[in-house]
Amino acid sequence: MPTKEVWAVGGGKGGVGKSFLTGNLGIALAQKGYSVVMADMDLGGANLHTCLGINNPEKGLSDFVNREMTTIEDILIPTPINGVRLISGAQDGLDIANPRHAQKLRILKAIQNIDVDYVLLDLGAGTAFNTIDFFLSANSQIIVVVPEPTSIENAYRFIKSAFYRKIRHSSPSSRIRTLVDQVMNRNNQYGIRTPRELLEYLKQQDEEVAEFIDRQANEFRPRLILNQVRSANDIKIGFAMDNACVKYFGIHIDFAGYVEHDEIVWKSVLQRKPVLMNAPDSIVAKRISMICNNLIQNRQLKPQMYYKNP
């Protein structure tokens, strides 16, 4: 495997379990013998430390951004889990919620240079540019969705925004960047409403642009995790979302797995103990371990796995 893998856990909506899954996926990796750093990038709303059972971290990301600590290693906090360290945002003030461009680049560069097997980024909700940029910086881009209309709608919006921003930032052509800026407005003069329509329009420009667009579509393949699943019909949402992304966006998403709705999760949160530590034999813990394996091995959940016990 590469020297280091960065996983970004995001999604369009708050309250879907991003921090819960980030924390437990990090523990699953550590249990496989990997060294892990979890970074709470929910700037202004950090709570990953709580999921890991850590009270009032004394240092955090703002200490690095404001240069009170020289290196990002200086702000790494030990956790109760062997092999896992934390970059906390718990004590960060409002000034860190929207870092300037230079600050963001410094954070991204520092994260890439951490000497560890895996870095997991726990992102905030919404489609702010900083959130999207942290998402796009990762090797594996993970989207967490619950089987509810608002969560699904926000996930599509997140995917669309991320894909547009990827095209814009990767393009060598100012013409393409300008066009992407324009089509972000649904009332644009080109009548373009979906990323797929944008891709088809751009491919008509010339062969070089068509090759660039195909490459961007192939490179952008987020992984999907469904959380709080209650039925086999809920699980089908994962496959339906992939079909919808192909139809409207011209891209695939990989359905990496699902986690059932279970009281054990609620109890774990109240007790401030990760499920993989508090209830390692539970179905939820086993599901998360399976998802972790799928993410490591770049596998997709198969349709015939509907609600089959691990």
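Nothing here was measured: the structure is a model prediction, and the numbers come from that model.

> Now, about the packing of helix α6 (residues 149-170) against helix α7 (residues 174-183): what can you tell me, with residues and values included?
Taken N-terminus to C-terminus, the directions of α6 and α7 make an angle of 160°; their axes are 8 Å apart at the nearest point. Viewed along their axes, α6 and α7 adopt a mutual orientation that is roughly antiparallel. Crossing of α6 against α7: the hand is left-handed. Of α7, the residues touching α6 (which contributes Tyr164, Ile167 and Arg168) are Ile176, Arg177, Val180, Asp181 and Val183. When the residues that make up the contact of α6 with α7 are grouped by side-chain class, the tally is five nonpolar, no polar and three charged.

> Just give me the short version of the layout of surface pockets, but keep the residues and values in it.
Roughly 530 Å³ of internal volume is contained in the largest pocket. If you trace the largest pocket, you find 30 residues lining it, with Gly17, Lys18, Phe20, Cys51 and Val269 closest to the centre. Of all the secondary structure elements, the ones that give two or more residues to the lining of the largest pocket are α1 (18-31), α2 (48-51), β5 (118-123), β7 (223-229) and α11 (263-271). The calculated volume of the second largest pocket comes to roughly 250 Å³. If you trace the second largest pocket, you find 13 residues lining it, with Asn139, Ser140, Arg221, Arg223 and Asn298 closest to the centre. Put simply, the parts of the chain that give the lining of the second largest pocket at least two residues each are β1 (5-10), β6 (140-145) and α13 (283-296).

> Break down the sheet that holds strand β8 (residues 254-260) for me, citing the residues and quoting the values.
Pairing is mixed in the open sheet, where eight strands are placed in the order β3-β4-β2-β5-β1-β6-β7-β8. Only two strands of the sheet have a single neighbouring strand rather than two, namely β3 (77-78) and β8. Summarising the sheet, strand β2 (residues 36-41) and β5 pair through six bridges and their orientation is parallel. Bridge pairing in β5 places Val37 opposite Val119. In this fold α1 packs onto β1, β2, β4 (84-87), β5, β6, β7 and β8, with an angle of close to 170° to the strand it touches most, β5.

> Hey, could you go over the pairing of β5 for me, with residue numbers and the actual values?
Counting buried positions over the six residues of β5 gives six, a clear majority of the element. Neither face of β5 is exposed, since Tyr118, Leu120 and Asp122 on one face and Val119, Leu121 and Leu123 on the opposite face are all buried. Sheet topology note: the β1/β5 ladder contains five bridges and is parallel. Note that in β5 the partner of Trp7 across the bridge is Leu120.

> Could you give me a rundown of the nonpolar core, with the residues and numbers involved?
Side chains that are nonpolar tend, in soluble globular proteins, to be buried together. Formed by 63 residues in total, the largest nonpolar core has its most connected members in Met41, Ile87, Leu121, Ile167 and Leu198. The element that contributes the greatest number of residues to this core is α6, accounting for eight residues. The contacts of Leu121, once residues within four sequence positions are left out, are Val6, Trp7, Ala8, Val9, Ala39, Met41, Ile111, Phe134 and Ser137. In terms of nonpolar packing, the next biggest core, distinct from the first, is built from 36 residues, Leu48, Val146, Val265 and Leu276 among them.

Cut-off values and rules
Residues numbered from 1 in each chain as written. Predicted model: local features only at pLDDT ≥ 70, side-chain atom pairs only at ≥ 80, totals over all residues. Heavy atoms only, no water. Axes fitted to C-alpha atoms, helices over the stretch in contact; angles between N-to-C directions. Helix = DSSP H or I, 4+ residues; strand = E, 2+ residues; numbered from the N terminus. Parallel < 35°, antiparallel > 145°, perpendicular 65-115°, else oblique. Left-handed = near helix turned anticlockwise from the far one by under 90°. Contact = heavy atoms within 4.5 Å. Nonpolar A, V, L, I, M, F, W, Y, C, P; charged D, E, K, R; others polar. 1 Å grid on protein atoms, 1.4 Å probe; cavity = no way out; pocket = protein on both sides within 12 Å on 5 of 7 lines; lining within 4 Å. Points joined across faces, edges and corners; volume = space filled by probe spheres on them. Pairing = 2+ DSSP bridges. Buried < 20%, exposed > 50% of the residue type's maximum accessible area, 1.4 Å probe, protein only. Core = buried A, V, L, I, M, F, W, Y, C linked by side-chain atoms within 4.5 Å.

Honestly, it's all geometry; don't read function into it.
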